[in-house]
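Listed here are the chains, written in short residue letters.
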Amino acid sequence: MNHRDTIFSKPLPSVSDFRFDQQVVEVFPDMINRSVPGYSSILQTLPQLAERYVQPQSNVYDLGCSLGAATLALRKGCEQASQVQLIAVDNSDAMIERAQLHLQGFKSQLPVTLRCEDIRETHIEDASIVVLNFTLQFVPREERQQIIQRIFSGLKPGGVLFIAEKIVAEDPHIADVLVDLHHDFKRANGYSELEISQKRAAIENVMKIDSMTTHFARFEEAGFAHYGCWFQCFNFAAMMAVKGTE
Ligand SMILES: C[S@@+](CC[C@H](N)C(=O)[O-])C[C@H]1O[C@@H](n2cnc3c(N)ncnc32)[C@H](O)[C@@H]1O
Ligand SMILES: O=C(O)C(=O)C[C@]1(C(=O)O)C=C[C@@H](O)C=C1
């Protein structure tokens, strides 16, 4: 079941704010693959990164897990570690319900606890890894520092936050180039001008993007010892922040 995303293909009388509802769940894998440049590369690299940072007797979180694509990648990288608990969180009922079915399709010794919960309420403890992929951008800006702070507090020494986001380049000329490259990527993946513009209208009120400098300033303020970008494709970046060991 991997349906093609045609949600914005017909002219809509008025475009409502984007929601991760049942209609989106049905087409989500196709939508995210055709909309986010580098999405599959980020997922393919996660097992390797997880293997490097997972600690025995720790928790591993996937915040904003959608259908669990990153959860599965994390699980792959954590399979050899002992006594690891995987916790995947999303506040969309429809997503969590489908994620449950999806995860059941893959065999593993490592259990996953799925929680339908707002990540602003998630209690994070004894974590070696926290993943926050393409989700912080949907949280009101004024609440983002608090989330990063809570993740930092819940990480064990040496623990890591992996965060992927759509970003805006600081230089307006470069920002325009990256937006054009992204729109060309969508066109090349079969999205029409109408789909691109209606999707933009649907997400503009709910998805507010930051610059990489803003993300780094949050990591700095939270107290992370190391941070940087490990992957970027156009205006989509995967960053990481590591808690010090002392
Ligand atoms: C773009 S998707 C994430 C994609 C996913 N991480 C992946 O790699 O496939 C954003 C997800 O975040 C969830 N979300 C948005 N705001 C949230 C919040 N405050 N608490 C929990 N989940 C949230 C949405 O329901 C949606 O499933
Ligand atoms: O920027 C866009 O046009 C997007 O479609 C981006 C984006 C995202 O980054 O999460 C927004 C919502 C969809 O879930 C998939 C992709």
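Residues numbered from 1 in each chain as written. Chains lettered and ligands numbered in written order. Predicted model: local features only at pLDDT ≥ 70, side-chain atom pairs only at ≥ 80, totals over all residues.

Under an unreviewed UniProt entry, the name given to the protein is Carboxy-S-adenosyl-L-methionine synthase, and the source organism is Idiomarina aquatica. Under the UniProt heading Function (unreviewed entry), the note attached to the protein is "Catalyzes the conversion of S-adenosyl-L-methionine (SAM) to carboxy-S-adenosyl-L-methionine (Cx-SAM)." Note on the protein: under the UniProt heading Subunit (unreviewed entry), the record states "Homodimer." (UniProt positions renumbered as here; feature names shortened; annotations may be inferred.)

The next subject is the overall build of the protein. Scanning the protein from terminus to terminus reveals eight helices and seven strands. Here the C-alpha radius of gyration of the protein, 18 Å, is about what a compact globule of 246 residues would show, namely 18 Å. Reported as C-alpha extents along the three principal axes, the dimensions of the protein are approximately 55 × 40 × 30 Å. Expressed as a percentage of the 246 residues in the protein, the buried residues total 38%. A separation threshold of at least 6 residues defines the contact pool for the protein, and within that pool the share at least 24 residues apart is 79%. (Helix = DSSP H or I, 4+ residues; strand = E, 2+ residues; numbered from the N terminus. Rg over C-alpha atoms; globule rule 2.2 N^0.38 Å. Buried ≥ 20, exposed ≤ 12 C-beta atoms within 10 Å, placed from the backbone. Contact = placed C-beta atoms within 7 Å.)

Before going further, it helps to examine the UniProt feature "domain: Methyltransferase" (unreviewed entry) in the protein. Those residues carrying the UniProt feature "domain: Methyltransferase" (unreviewed entry) are residues 60-159 in this numbering. For the annotated span residues 60-159, helix accounts for 33% and strand for 28% of the residues, and the straight-line distance between the end C-alpha atoms is 10 Å.

Moving on to the site of ligand 2. Near ligand 2, the surroundings consist of Met31, Ile32, Ser35, Val36, Phe134, Lys166, Lys199, Ile203 and Met207. Going through the elements one at a time, α1 (22-35) and α7 (193-203) are the ones with two or more residues in the shell around ligand 2. Considering each element in turn, the shell around ligand 2 owes the most residues, three residues, to α1. Residues that form the shell around ligand 2 fall into these classes: six nonpolar, one polar and two charged. (Near = placed C-beta within 6 Å. Nonpolar A, V, L, I, M, F, W, Y, C, P; charged D, E, K, R; others polar.)

Turning our attention to the packing of helix α2 (residues 39-53) against helix α3 (residues 69-78). Packing of α2 against α3 leaves a shortest axis separation of 7 Å and a crossing angle of 40 degrees. Handedness of the α2/α3 crossing: right-handed. When α2 is examined against α3, the residues Leu43, Leu46, Pro47, Gln48, Leu49, Ala50 and Glu51 are found in contact with a partner set consisting of Ala69, Ala70, Ala73, Leu74, Lys76, Gly77 and Cys78. Residues of the contact of α2 with α3, tallied by class, amount to ten nonpolar, two polar and two charged. (Axes fitted to C-alpha atoms, helices over the stretch in contact; angles between N-to-C directions. Left-handed = near helix turned anticlockwise from the far one by under 90°.)

Moving on: the pairing of strand β1 (residues 58-63). Counting buried positions along β1 gives six out of six residues, so the element sits mostly inside the fold. Of the two faces of β1, both are covered, the one formed by Ser58, Val60 and Asp62 as well as the one formed by Asn59, Tyr61 and Leu63. Here β1 runs beside strand β2 (residues 84-90); their pairing, made up of six bridges, is parallel. Along β2, the bridge assignment pairs Tyr61 with Ile87. (Pairing = 2+ DSSP bridges.)

Those places that UniProt annotates as "binding site: S-adenosyl-L-methionine" (unreviewed entry) correspond, in this numbering, to Tyr39, Gly64, Cys65, Ser66, Asp90, Asn91, Asp118, Ile119, Asn133 and Arg200. Of the residues just listed, which span 162 residues, the most distant C-alpha pair is 24.4 Å apart, and they do not cluster in one region. Following the sequence through the fold, Gly64 ends up in the loop between β1 and α3. Once residues lying within four places of it in the same chain are set aside, the contact partners of Gly64 are Asp90, Ile119, Leu132, Asn133, Phe134 and Thr135. Here Arg200 lies in helix α7. The exposure class of Arg200 is partly exposed, given the 16 C-beta atoms found within 10 Å.

On to α1. Helix length check: α1, at 14 residues, gives a terminal C-alpha distance of 18 Å against a target of 20 Å (1.5 Å per residue), a fit within 8%. Within α1, the axis deviates most sharply at Phe28, by approximately 70 degrees, and proline Pro29 lies no more than four positions further along. The complete set of buried residues in α1 reads Val25, Phe28, Met31 and Ser35. Buried positions along α1 lie against α4 (93-104) and α6 (172-188). (Expected span 1.5 Å × (residues − 1). Bend = angle between axes of the 7 residues up to and from the residue.)

Bringing the site of ligand 1 into the picture now. Within the structure, ligand 1 sits among 20 residues, and Phe20, Gly64, Asn91, Ser92 and Asn133 are positioned closest to it. Elements represented by at least two residues in the shell around ligand 1 include exactly α3 and β2. In the shell around ligand 1, the residues fall into eleven nonpolar, six polar and three charged.

Looking now at the sheet that holds β1. Pairing is mixed in the open sheet, where seven strands are placed in the order β3-β2-β1-β4-β5-β7-β6. With partners counted over all chains shown, the strands left at the sheet margins are β3 (112-116) and β6 (226-233), one partner each. Taking the axes of each pair of neighbouring strands and ignoring which way they run, one obtains an average angle of 15 degrees across the sheet. Packing of α3 onto the sheet brings it into contact with β1, β2, β3 and β4 (127-133), and relative to β2 it is tilted by some 170 degrees.

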